Structure formats: structure tokens, C-alpha cells
Amino acid sequence: MPEIAIIPSVLPVDQGRLTEGCIELEKAGCDRIQFDVMDGQFVPVITFGADTIAAIRPVVSVPFEAHMMIEKPEQMLKPMYDAGCETLIVHAETTGHLHRTLGAARELGARAAVAINPATPPSAVAHVLDLVDHVLVMTVNPGWGGQKYIATMEPKIAAVARMIEASGYHVGIEVDGGIGTTTVAGAVTAGANLLVAGSAIFRDPEGLEHGVSDLRARALAARSG
Ligand code: DX5
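Residues numbered from 1 in each chain as written. Predicted model: local features only at pLDDT ≥ 70, side-chain atom pairs only at ≥ 80, totals over all residues. Heavy atoms only, no water.

**Q** Residue-level account of the overall build of the protein chain, with values.
**A** When helices and strands are tallied, the protein chain shows 8 helices and 8 strands. Dimensions of the protein chain, computed from C-alpha atoms along their principal axes, come out at roughly 45 × 40 × 30 Å. When each of the 225 residues of the protein chain is scored for burial, the buried share is 53%. Accessible surface computed for the protein chain: about 9,700 Å², of which carbon and sulfur atoms make up 53%. When the 16 basic and 26 acidic side-chain charges of the protein chain are each reduced to a single mean position, those positions are 3 Å apart. (Helix = DSSP H or I, 4+ residues; strand = E, 2+ residues; numbered from the N terminus. Buried < 20%, exposed > 50% of the residue type's maximum accessible area, 1.4 Å probe, protein only. Areas by Shrake-Rupley, 256 points an atom, 1.4 Å probe, with all protein chains shown as cover. Lys, Arg positive; Asp, Glu negative; His and termini not counted. Charge placed at Lys NZ, Arg CZ, Asp CG, Glu CD.)

**Q** With reference to specific residues and values, describe the side chain of His 91.
**A** Inspection of the secondary structure puts His 91 in strand S4 (residues 85–91). We classify His 91 as buried; its relative accessible area is 0%. Within the structure, the side chain of His 91 is placed 2.9 Å from the side chain of Glu 93, a separation counted as a polar contact. Setting aside its immediate chain neighbours within four residues, His 91 contacts Phe 42, His 67, Met 68, Met 69, Ala 115, Asn 117, Met 138 and Pro 142. (Polar contact = N/O pair within 3.5 Å; in protein donor to acceptor, adjacent residues only side chain to side chain. Contact = heavy atoms within 4.5 Å.)

**Q** Please set out the side chain of His 134 residue by residue, giving values where relevant.
**A** In this fold, His 134 is placed in strand S6 (residues 134–138). Owing to a relative accessible area of 1%, His 134 belongs among the buried residues under this scheme. Of the polar contacts made by the side chain of His 134, one reaches the side chain of Glu 174; its length is 2.7 Å. Setting aside residues up to four positions removed in sequence, His 134 forms contacts with Arg 32, Glu 65, Thr 87, Ile 89, Ala 112, Ala 113, Val 114, Val 171, Gly 172, Ile 173, Glu 174 and Leu 194.

**Q** I'd like a description of the nonpolar core, backed by residues and values.
**A** By size, the foremost hydrophobic cluster in this structure holds 64 residues, and its most contacted members are Ile 33, Phe 35, Val 135 and Leu 195. No other element matches helix H8 (residues 208–224), which puts 5 residues into this core. (Core = buried A, V, L, I, M, F, W, Y, C linked by side-chain atoms within 4.5 Å.)

This is the structure we're talking about:
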């Protein structure tokens, strides 16, 4: 059974102090850091590109993943990998050649992952499970942090988990959006093991370290049921 991983999103971090924020997240005990790369086209927000991530890479040792909320992701695979993102998450909705794009990510030496928006069915990933390390089931509509968890995604998480089980491939399930103290158990019980959180960790009144450890403890408790 894939391990539980706590993966903070940098979206809540003041973009003027992203490096310091990532150093603080590493000290807080996170397993990976997720960079929400947005192009203002696939989602109506622009965040940052490969150069920003590359500037942070040398001072933080935890793995990076690029959540590529961008059109034409194939154009940014190499820049994001070269910037230091070991995992490249491609949205199924952003390319007519998802299989080829995920294969190109693996050709670079990256771990590939596929993300699906709330309205996208699990069948969109049925024929790429051999190419990915994980499937990201979005539990909000992408573009902003601090949104409400969409609980109706839980049956979809479970459906993806069944597909993965039937495939025989070792593929994780990541969730992203509204993951926090009151929602993490539902997502983990449905089958998620990779937990992306922004607001829940940064708004924890006891600080980042508690935010990470508390989420991990709640996820492990839900898993042991
Ligand atoms: C949506 C973003 C957010 C972010 C996490 O595009 O991907 O889901 O990472 O946001 P929170 O944890 O604040 O809902």
C-alpha cells in the first residue's frame, strides 16, 4: 500500500519570499513541495515559471513536483524538469496527446503524473496508468487556494483506486484542494495517499510543523480505520 505523503502547495506563500517559505516547509517535515504552475489560460491566474523554481532548487532538498495547470504542457516539460521538478503533473484536459506527453516526461527522466479536474471522468486515465507514478484527482476546480473541498469527488477517488488495483500497476492517488483536518479522512478512506494542502498547513495556528504532522496523523488514523 503506497505510503502517505504530505505535500504542501506553495500557493499561500508570499511570492516575494518563496525561497524562505520552501525552506520553512522543509524544516516542517513535508515529504515533497508542490509548485502550482499556472499560465492564465488553462486557469485564469498566472503564478511562476521554471526560472523561479530553479532559483529555489539549490537551497531545498525535498523533492519538487510541478502541478502544470497550463495549456501546451509538452512545451514546458523540459524546462520544469531542468528546474528541478522530479515529478511533472500533466492535466488530462490540456492536451489531445496525453499518452505521448506523459511518455515524453518519462523520457526526460522525470516521474510522470496525470491530473483530472472535477468534471473529468476516471476513464480519462484508464490507458496511461502504465506511464504514471500517480493520478491527481482534483478536489476543487483549479486556480485558487482556499476553496471548499468537493466531497462528491470521493466516489471518483474510489473508482480510480479500483482501476489502479485492477491494472496491477503501482500508482498512487493524490488529492489537491480543500484538504484539511475535516476532509483528509474522507479522501484517504476513499483511496488517496498523496495529500496536497496549502491553506490547512499555512493557517494552522500551531505553525507549519504542526500543520504537516497533524495532517499526517489524521491520514494514518483514517487509513488504519
Ligand atoms: C488549485 C490549487 C490548490 C492548492 C491547494 O489550483 O492546486 O488546490 O494547491 O489549495 P488549498 O489546500 O488551500 O485548498
